[in-house]
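# Descriptive structure summary
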Amino acid sequence: MPIIAEYKVVGYNENKEPIIDSTEECLCPECKKGLLGYRSHVRRHIRKEDTGEKEWYWIPLGKCTNKTCGVMRRMLPNFMIPYKHYEEEAVIDVLDEVITEESPVDFPSVQTMFHWKAWLQFNRDRIEGVFRNTGYTVLCFSEDLLFDTGSLLEQLRRRTDRWLKITIRFVYNSGSYLLPLRPALPM
Ligand SMILES: [Zn+2]
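Heads up: these notes are all about the structure in this document. Since the structure is predicted, the reported quantities are computational estimates derived from the model, not experimental observations.

The next thing to look at is the overall build of the protein chain. Looking only at helices and strands, one finds five helices and seven strands in the protein chain. Along the protein chain, helices and strands appear, N-terminal first, in the series β-β-β-β-β-β-β-α-α-α-α-α. In terms of overall dimensions, the protein chain is globule-like: its C-alpha atoms have a radius of gyration of 18 Å, near the 16 Å expected for 187 residues. Taken along the three principal axes of its C-alpha coordinates, the protein chain extends 50 × 50 × 40 Å.

A few words now on the environment of Ile-3. With respect to the helices and strands, Ile-3 occurs in strand β1 (residues 3-4). Spatially, the C-alpha atoms of Ile-3 and Gly-37 are 14 Å apart, while their sequence positions differ by 34 residues. Sequence-distant contacts of Ile-3, that is, excluding residues within four places in its chain, are made with Leu-76, Asn-78, Ile-168, Arg-169, Tyr-172 and Asn-173.

Two numbers describe a pair of packed helices, the interaxial angle and the distance between the axes. Look at helix α2 (residues 110-137) against helix α5 (residues 163-173): their axes get within 10 Å of each other, and the N-to-C directions meet at 65 degrees. Here α5 runs roughly perpendicular to α2, going by the angle between their axes. The interaxial crossing formed by α2 with α5 has left-handed handedness. Contact residues: Ile-127, Val-130, Phe-131 and Thr-134 in α2; Thr-167, Phe-170 and Val-171 in α5.

Our next topic: the nonpolar core. Within the largest apolar cluster, 30 residues are counted, with the highest numbers of intra-cluster contacts made by Met-75, Leu-76, Val-91, Val-94, Ile-168 and Val-171. Counting residues per element, the ones that place at least two in this core are β1, β4 (36-47), β5 (54-64), α1 (88-95), α2 and α5. The dominant element in this core, judged by the number of residues it contributes, is α2, at five residues. Beyond its immediate chain neighbours, meaning those up to four positions away, Val-94 contacts Ile-99, Pro-108, Met-113 and Trp-116.

With that settled, consider the environment of Lys-63. In this fold, Lys-63 is placed in strand β5. The exposure class of Lys-63 is partly exposed, given the 18 C-beta atoms found within 10 Å. Along the primary structure Lys-63 and Val-138 are separated by 75 residues, whereas in three dimensions their C-alpha atoms are 23 Å apart. Not counting chain neighbours up to four residues away, the residues in contact with Lys-63 comprise Leu-36, Gly-37, Arg-39, Gly-70 and Met-72.

Across five bridges, strand β2 (residues 7-12) lies against strand β3 (residues 18-22) in antiparallel orientation. Following the sheet pairing, Lys-8 is matched in β3 by Asp-21. What sits between the antiparallel neighbours β2 and β3 is a turn of five residues, in which Lys-16 has the positive phi angle 60 degrees.

Moving on to the environment of Pro-77. Along the chain, Pro-77 falls in strand β7 (residues 76-77). Note on Pro-77: 22 C-beta atoms within 10 Å, which makes it buried. For Pro-77, the residues in contact, after removing those within four places along its chain, are Ile-4, Tyr-7, Ile-20 and Ile-59.

Turning our attention to α5. When α5 is considered as a whole, its buried residues turn out to be Leu-164, Thr-167, Ile-168, Val-171 and Tyr-172. Viewed along the axis of α5, the buried residues span an arc of 110 degrees, placing them on a single side of the element. Taken together, the buried residues of α5 touch β1, α1, α2 and α4 (152-159). Looking at the residues trailing α5, positive phi occurs at Gly-175, about 90 degrees.

Across the junction of Phe-107 and Pro-108, the peptide omega takes the value -5 degrees, indicating a cis bond. Counting through the fold element by element, Pro-108 comes out in the loop between α1 and α2. In this model, Lys-32 sits at a positive phi of 55 degrees, which is unusual for a non-glycine residue. With a phi close to 60 degrees, Tyr-83 is a non-glycine residue in the positive phi region.

Analysis parameters
Residues numbered from 1 in each chain as written. Predicted model: local features only at pLDDT ≥ 70, side-chain atom pairs only at ≥ 80, totals over all residues. Helix = DSSP H or I, 4+ residues; strand = E, 2+ residues; numbered from the N terminus. Rg over C-alpha atoms; globule rule 2.2 N^0.38 Å. Contact = placed C-beta atoms within 7 Å. Axes fitted to C-alpha atoms, helices over the stretch in contact; angles between N-to-C directions. Parallel < 35°, antiparallel > 145°, perpendicular 65-115°, else oblique. Left-handed = near helix turned anticlockwise from the far one by under 90°. Core = buried A, V, L, I, M, F, W, Y, C linked by C-beta atoms within 7 Å. Buried ≥ 20, exposed ≤ 12 C-beta atoms within 10 Å, placed from the backbone. Pairing = 2+ DSSP bridges. Arc of directions from axis to C-beta.

Below you can see the structure in the form of C-alpha cells.
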C-alpha cells in the first residue's frame with residue numbers, strides 16, 4: 001500500500017466526497033520495477049480529531065505496469081495511515097503529546113491514544129530496520145548507517161514535525177509494513 005505525498009482533488013461525487021488523484025509517479029512496492037498506473041478509485045474514510053466525524057474520500061487504485069507483476073494497490077494520500085481510521089494529524093498529535101488523556105477532546109478515546117502509543121513502541125525495531133536496510137541498499141548510505149546504534153526514528157522526530165508522514169511513507173513505499181498491535185492473550 002504505497003503512500004503518496006503529491007496528489008490533488010480532481011472532483012467530487014454526488015455526495016460531495018472528494019476524488020483524489022496522484023500527481024507523482026509511484027513505484028510498485030512489490031516488484032520495484034513497474035509504476036502504478038491508474039486503474040480506478042476506491043472509497044476510504046478517515047475520522048477527524050476532536051469530533052470523531054467520518055469523512056469519505058475516493059483514493060486511486062493503481063495497477064503495476066510490469067506485466068510479470070501486475071499487482072493492484074491502493075494509493076494512500078499521506079494524511080491517511082494504513083489500517084488506522086483516524087487522520088494522520090490526530091495520530092501524530094497523540095504520539096507527540098499535543099493531545100493527551102487530559103485534553104478536553106472527545107475523540108480519539110483515551111483507549112485509542114494508549115493503543116497508538118503502544119503500536120509505535122511495538123514497531124520501533126521494525127522501523128529502525130527499514131530505515132537502515134533501505135538506506136543502505138536503495139539509497140546507498142554508507143555501512144556506518146548499519147552500525148549506528150542510535151535511533152534514527154528519534155533523530156527524525158527531533159528534526160521535523162512531519163516525522164510520522166515520512167516514516168509511514170518510507171516503510172510502506174519500500175514494500176514493508178507495520179504490524180498491527182494485538183491485545184495480549186490471557187495467561
Ligand atoms: Zn509490480
